[in-house]
Amino acid sequence: MKHKGLVVAIGSLLMAAGAYGQSTTGNIYGQVPPEQDLSVLIRSTTGVTREIAIDKEGRYNATQLPVGTYTVSLRRHGATLQTHDNVSLRVGVGVNVSFSAPVAAKELSGVTVSANSSPPIDVSSVDSRTVITAQQLAALPLARTAEAAALLAPGAVGDSGGFVSTTGVPLVSFGGSSVEENAYYINGFNTTDPYLGQGGITLPYASIDQEEVYTGGYSAQYGRSDGGVLNMIGKSGTNEWHFGGQMLYEPDGLRASQDDTYYANGLPPVPVAGRLFDPNSKDEHWTSVYDAYVGGPIIKDKLFFFVSAEMSDQGGQAVNSVTGGSATNPNPGTAENFKTRLPKWYAKINWNITDKNLLELTGASSKQEGMGSIYNYDYNTLQETTFKGYANDTKSGGDMLSAKFTSYITDDLTFTALYGKMKTFNYSVPVNYDPSATYIEGSTYQNPTYNGGVPNNGIQTVSSLYNPHYLTSNLRVSLSYVLGDHTITAGIDNLTSAAYDQGDTSSGPGYVWNYGYTPDPTVALVPALGVGALANYPNGGSGYYVSKNIFIGGANLLTKQRAEYIEDQWQVSDRWLVSLGLRDDGFANYNAAGQSYMAQTKPQWAPRLGFSWDVNGDGSFKVYGNAGRYYLGTPLAPGGPANGYISTQQYYTYSGIAADGTPTGLTQVSSPVSANNAFGQTPDPRTITVQNLKAEDQDEFILGFTKTLGPSWIYGAKFTRRILRHDIDDYCDIQAVINKAASMGIDDVNNASCYYINPGQANTFAVQDPTGAFHNVTLTNAEMGFPTMVRKYYGLEGFLEHPFDGRWYGKVDYVFSRSYGNNEGMGQTNIMALAETQNTYWDFPQLMEYGIGPQGEDHTHQLKAYGYYQLTPEWQVSANLTLVSGGPRYCLGLYGPNQTDPVGYGSSYQWCNGQPSPPGAAGRLPWMKQLDLGVRYRPAFAGHKLGFSLDVVNVFNGQAALNEYPEYNMSTLPAAPNPQYGTPMLLQQPRYVRFGVTYDY
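Calculation rules
- Residues numbered from 1 in each chain as written.
- Predicted model: local features only at pLDDT ≥ 70, side-chain atom pairs only at ≥ 80, totals over all residues.
- Heavy atoms only, no water.
- Pairing = 2+ DSSP bridges.
- Helix = DSSP H or I, 4+ residues; strand = E, 2+ residues; numbered from the N terminus.
- Axes fitted to C-alpha atoms, helices over the stretch in contact; angles between N-to-C directions.
- Buried < 20%, exposed > 50% of the residue type's maximum accessible area, 1.4 Å probe, protein only.
- Contact = heavy atoms within 4.5 Å.
- Salt bridge = Lys/Arg side-chain N within 4 Å of Asp/Glu carboxyl O.
- Phe/Tyr/Trp six-rings, centres within 6.5 Å; stacked < 30°, edge-to-face > 60°.
- Lys NZ or Arg CZ within 6 Å of the ring centre and 35° of its normal.
- Arc of directions from axis to C-beta.
- Disulfide = S-S within 2.5 Å.
- Core = buried A, V, L, I, M, F, W, Y, C linked by side-chain atoms within 4.5 Å.

What follows deals with the sheet that holds strand S7 (residues 94–96). In spatial order, the strands read S4-S1-S7; together these 3 strands make up an open sheet with mixed pairing. The two strands at the open ends of the sheet, each matched to only one other strand, are strand S4 (59–66) and S7. Each strand axis lies, on average, 20 degrees off the axis of its neighbour in the sheet, ignoring direction. With 6 bridges joining them, strand S1 (residues 25–31) and S4 adopt antiparallel strand pairing. When the sheet's bridge partners are listed, Ile 28 is paired in S4 with Ala 62.

Turning to the environment of Gly 420, a few remarks are in order. Within the fold, Gly 420 resides in strand S25 (residues 413–429). The buried category is assigned to Gly 420, whose relative accessible area is 1%. Put simply, Gly 420 and Leu 401 are 19 residues apart on the chain and 5.4 Å apart in space, counted from C-alpha to C-alpha. If near-sequence neighbours (up to four positions away) are discounted, Gly 420 is found in contact with Phe 189, Leu 401, Ser 402, Thr 472, Ser 473 and Asn 474.

Moving on: the pattern of salt bridges. The final tally for this structure, using the stated rule, is 31 salt bridges. Across the pair Asp 493 and Arg 224 runs a salt bridge whose closest N-O atoms are separated by 3.2 Å. Pair noted here: Asp 493 is in strand S29 (residues 486–500) and Arg 224 is in the loop between strand S14 (208–216) and strand S15 (229–234), with a separation of 269 residues, a long-range link. According to the relative accessible area criterion, Asp 493 is buried, its value standing at 2%. Judged by relative accessible area, which is 7%, Arg 224 ranks as buried. Between Asp 858 and Arg 818 there is a salt bridge, with its nearest N and O atoms 3.4 Å apart. In this pair, Asp 858 is assigned in the loop between strand S52 (853–854) and strand S53 (861–870) and Arg 818 in strand S51 (residues 808–821), connecting sequence segments 40 residues apart. Arg 818 sits in the partly exposed class, given a relative accessible area of 26%. Each of Arg 224, Arg 476, Asp 493, Arg 583 and Asp 585 takes part in a single network of salt bridges with overlapping partners.

Take the environment of Lys 548 next. With respect to the element layout, Lys 548 can be found in strand S34 (residues 544–552). Along the chain, Lys 548 and Asn 676 lie 128 residues apart, while their C-alpha atoms are 17 Å from each other. Aside from chain neighbours lying at most four places away, what touches Lys 548 is Tyr 511, Val 512, Trp 513, Thr 648, Gln 649, Gln 650 and Tyr 652.

Our next topic: the sheet that holds strand S12 (residues 183–186). Overall, mixed pairing links the 5 strands, which are arranged S9-S14-S15-S12-S13 in an open sheet. Of all the strands in the sheet, the pair left with one neighbour each is strand S9 (128–133) and strand S13 (189–190). Bridge count between S12 and S15: 4 bridges; the pairing is parallel. Across the sheet, residue Tyr 185 finds its bridge partner in S15, namely Asn 231.

On to the packing of aromatic side chains. Applying the stated rule across the entire model yields 41 aromatic pairs. Where Tyr 185 meets Tyr 222, the ring centres are 5.9 Å apart and the plane angle is 85 degrees; that geometry is what we call edge-to-face. Taken together, the residues Tyr 185 in strand S12 and Tyr 222 in the loop between S14 and S15 connect sequence positions 37 residues apart. The exposure classification of Tyr 185 matches that of Tyr 222, with both residues buried. Of the aromatic side chains, those joined through ring pairs into one cluster are Tyr 731, Tyr 755, Phe 765, Phe 786 and Trp 842. Here the basic side chain of Lys 548 rests over the ring of Tyr 511, its NZ or CZ set 4.6 Å away from the ring centre. Over the face of the ring belonging to Phe 621 we find Lys 707, whose NZ or CZ atom lies 5.6 Å from the ring centre.

Turning to helix H6 (residues 734–743), a few remarks are in order. Residues Ile 734, Ala 736, Val 737 and Ala 741 constitute the buried set of H6. Angularly, the buried residues of H6 cover 160 degrees about the axis, an arc narrow enough to put them on a single face. Relative to its buried face, H6 has exposed residues pointing more than 90 degrees away, namely Ala 742 and Ser 743. Where H6 ends, the next residue or the one after it, Gly 745, has phi of about 80 degrees, a positive value.

The subject of this paragraph is the state of the cysteines. Counted under the stated rule, the structure contains 2 disulfides. Sulfur-sulfur distance for the disulfide between Cys 732 and Cys 754 comes to 2.0 Å. One quick way to see it: the torsion about the S-S bond of Cys 732 and Cys 754 is about 100 degrees, and its sign makes the bridge right-handed. Pair noted here: Cys 732 is in the loop between strand S46 (729–731) and H6 and Cys 754 is in the loop between H6 and strand S47 (755–757), with a separation of 22 residues, a long-range link. We classify Cys 732 as buried; its relative accessible area is 5%. The disulfide that involves Cys 891 links it to Cys 912, with 1.9 Å between the sulfurs. Around the S-S axis, the bridge from Cys 891 to Cys 912 shows a dihedral of about 60 degrees and counts as right-handed.

It is worth spelling out the pairing of strand S16 (residues 242–250) at this point. Both S16 and strand S19 (residues 284–299) contribute to a ladder of 9 bridges, which runs antiparallel. Among the inter-strand pairings, Gly 244 is bridged to a residue of S19, identified as Tyr 293. Sheet topology note: the S16/strand S61 (residues 992–1000) ladder contains 6 bridges and is antiparallel. By the bridge assignment for S61, Leu 248 is matched with Gly 996.

As a further point, take the nonpolar core. Counting residues in each nonpolar core, the largest one holds 46 residues, and the members touching the most others are Phe 174, Tyr 195, Leu 203 and Met 232. Counting residues per element, this core draws most heavily on helix H4 (residues 146–150), which supplies 3 residues. When near neighbours in sequence (up to four residues on either side) are disregarded, Met 232 contacts Ala 146, Tyr 184, Tyr 185, Ile 186, Asn 187, Ile 201, Thr 202, Leu 203, Ile 208, Gln 210 and Glu 211. Judged by nonpolar contacts, the second largest core, of 28 residues, contains Ile 688, Ala 736, Trp 842 and Met 848.

All we've got here are geometric facts, nothing functional implied.
Okay, structure coming up:
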């Protein structure tokens, strides 16, 4: 028996076609004594059957097997000699199933070996991933979302910007990256939101068979992510019939009150309710969930189906802050009685056409539908008053369909092809909409002489009109060949997305009124845009003003992303695996006229190199590493300027306020102005993007080890380093381009609003002269006035895990990390902005001064501990503990020691009260501390098929501020403190209780 370790070590010789990130498969490999006439028969509960020949050294490898439960048998001339039952195959993982005893048919026929004799560590992987199984999802007291499950992965934290998916689910940041840099997959199909990268379609929670959370190091077969990957594998039908359902309820009566927030930096000129900013304690929220499923054979061993549906209803009351609204109800001074429905469905058909040809069909849908009634709200009595109108009917999310074909042409050659389509939408349709009414903003800054000291929000409840939809298609084709010690895979990965009727428009007459106040009306209001001092105009001496804001944007957009790759999984020796990969990514974005305004079509080589060292040769100690480059295409959202848009403000003084909240007695202070020169002109595509723009790309390096600790424990450590090499953002200092062109004797007549550039380096601009000819004008980074672009992340992880042994499972994980630089990527958490066109990075050089520091997703310490314990066959308890240190505080103010506004961006500079204020100079936000507990009861009298559950999420009701308002000044001159500065914008969700009843047959 001393030779078993050596046999297992040799069994790891041929590792891993199929162990890939975002895949839907795994592989089974192993070693048998090198005798003649042996084969290995592999058979799943879904009828997939493969018989693999043994090579001359006694090795076998069955690649790209669908996840599930398998029986693996050693055979000779059709007779079974030895069997491993209940071999569980996880996505992207190789399982070593070796047969080490001497082979003698008379002695071994019918012998069954327990599957848990397999080595505990997968030495066939070179990447960084966490696979969460359906068993763990059912046991742990988590919020019922794919994102909540992803937070179990090391280095994954809740987004500090408060961003949510298109279906309203809080998003996750991985390794310091923006939430827009993640990718979502269902059964191999890319379901990422094509417009903003804002999450993606996910499965009904109870239909997730396995969720693979990738945090780095994935193979050349996959790209388009430099954050994390959520890869969901849905359940499939088997030869046994299964059906069941679940009911869950989270009552408002057992939900703790959210803490109220208060002005933290003084008071506005006319406080609505003293220091009270947001009466969160008056919010109400309840949730009910119903789901059901059924699956089984249509034709035994040949054709199977699984179908499920889930409906989540949410309701309650959402009271706005005294100055602003919510996503569904943007009106201040109001409350909304809301109802939200989140329907989901999932269907899967598996057809084993033959033993060598498989077809999988997948359909899934995930949507959010909202409606509500809006009431005026009295913040002094904290009660609703009169009915104001109906909230918009909203719908977001979408549907996807995909088909995957797998052909095991030979034992060594496998062909796969996947094609799918997805339709998503994110529209908001007014109910009883009055197109003649004007939307009112900033009512707390109305002149109290004209409104009696009571802010007048008017009657319009709709701020903008928005009704787009998106179409996405994804084609993947690959061919994998096992050649001796090499497993070579090559293929293509193409993704196309289009936006239709994209863009929103100001409601009512096509504009909104925004009230404001300045304490010194003798100083120019917005000098950078030519807006003068209010005192020079009638009624301006009071300091009160109003602006007419117009926004008209968007049109059809298209993006095409293609990639080719080749990869070699090379088993160098019995203990060393090397993964060599090369990927070429290309991206092209088009405006409504079909013109490409942004293209990276030249080869963009993304090399990937990884290794796995089975130190002891028995799967008990693995050292691994990975280095790779990852390219990311630009989503559809930044394409809006390529079609031209209007975003203007026109300033007035006024002498009265009408009953509908609109100003009267207007005196024009300025013509329409725009900080980004956005007056609706449709630009030449050459004036949108600089020449030879490089795609966003990131280099990543991983080194780690995993080791057994006795028979029941596994521990390990890992170091990760990420460096963002290039980014894409908009640059709006057009005068610098004009001046450089003039120095070259070129008269620039482009009238461009902004360019897309690679920040932090030299860029070449296309400039048009009066004859229509274009010239290349290059500005160095110094001429643009910028620092070098920096985003660097490192993380050191250590973990201790107790795999489930039939009694209990547990894991403790700690990460020490830093995310440092002057650029978060696509998002900007401090001002809660998504997409390059909405953030302030790189627009003007003054905005980037003193910008180096810890980034918004920087959390130095992260401690996670979770697990469950089977007390008896009937009772199970579980817990999930999360401790995350706070991100940096920001203080953004007016520019320089004299507190000016040189580029018209208001209180958005890295200065605070006249002093430089880099990120984190104002300190750190508090720790987020949360303990969740759960208990499950499956009584024996119901055959353990009936279950009852109770979960308490955030047991100690921690309500840490996860983000605070960063703007120290009001947005206009002269400098005046902003009462909202330091006021929490995002709080940890309060404690809630969830009851559940489940039946599984």
